Amino acid sequence: MSENINENFNGSYIIIKALENGVNIIGLTRGRDTRFHHTEKLDAGEVYIAQFTEITSAIKIKGKAEISSAYGRIISGIQ
Ligand code: TRP
């Protein structure tokens, strides 16, 4: 196990801005199992800044939010 949790993962951030109350951000585990290991609830206007790590390989977002990353920008939720 590496000393630095972000070693081998690019340091780019994902920025999530909630566009309604009760947006859920769920971190999913890296590896053979895909389990929820963290959930975070945002209210409208709140911003969450996160990175993928050795522990987290996928992120699920429920609700309406603006998601910005190196790949671009997308709005989640029903328009
Ligand atoms: N545990 C899976 C993994 O590390 C999580 C995952 C990443 C995943 N991307 C996925 C699960 C795409 C389903 C589809 O690969």
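Read on for an overview of the structure. (Residues numbered from 1 in each chain as written. Predicted model: local features only at pLDDT ≥ 70, side-chain atom pairs only at ≥ 80, totals over all residues. Heavy atoms only, no water.)

**Observations regarding the side chain of T29**
Counting through the fold element by element, T29 comes out in strand β2 (residues 23-29). Take T29: its relative accessible area is 8%, and that puts it in the buried class. A polar contact of 3.0 Å, which involves the side chain of T29, links it to the backbone oxygen of D33. Each residue touching T29, except ones within four places of it in the same chain, is listed here: T34, R35, H37, I55 and S57. (Helix = DSSP H or I, 4+ residues; strand = E, 2+ residues; numbered from the N terminus. Buried < 20%, exposed > 50% of the residue type's maximum accessible area, 1.4 Å probe, protein only. Polar contact = N/O pair within 3.5 Å; in protein donor to acceptor, adjacent residues only side chain to side chain. Contact = heavy atoms within 4.5 Å.)

**A word on the pairing of strand β6 (residues 65-69)**
Inspection of the sheet shows strand β1 (residues 14-18) paired to β6 by four bridges, in the antiparallel sense. Note on β6: the bridge partner recorded for I15 is S68. In this structure, β6 lies alongside strand β7 (residues 72-76), joined through five bridges in antiparallel fashion. The residue of β7 that forms the bridge with S69 is G72. Hairpin connection between β6 and β7: a loop of two residues separates the two successive antiparallel strands. (Pairing = 2+ DSSP bridges.)

All quantities given are derived from atomic positions and should not be read as evidence of function.
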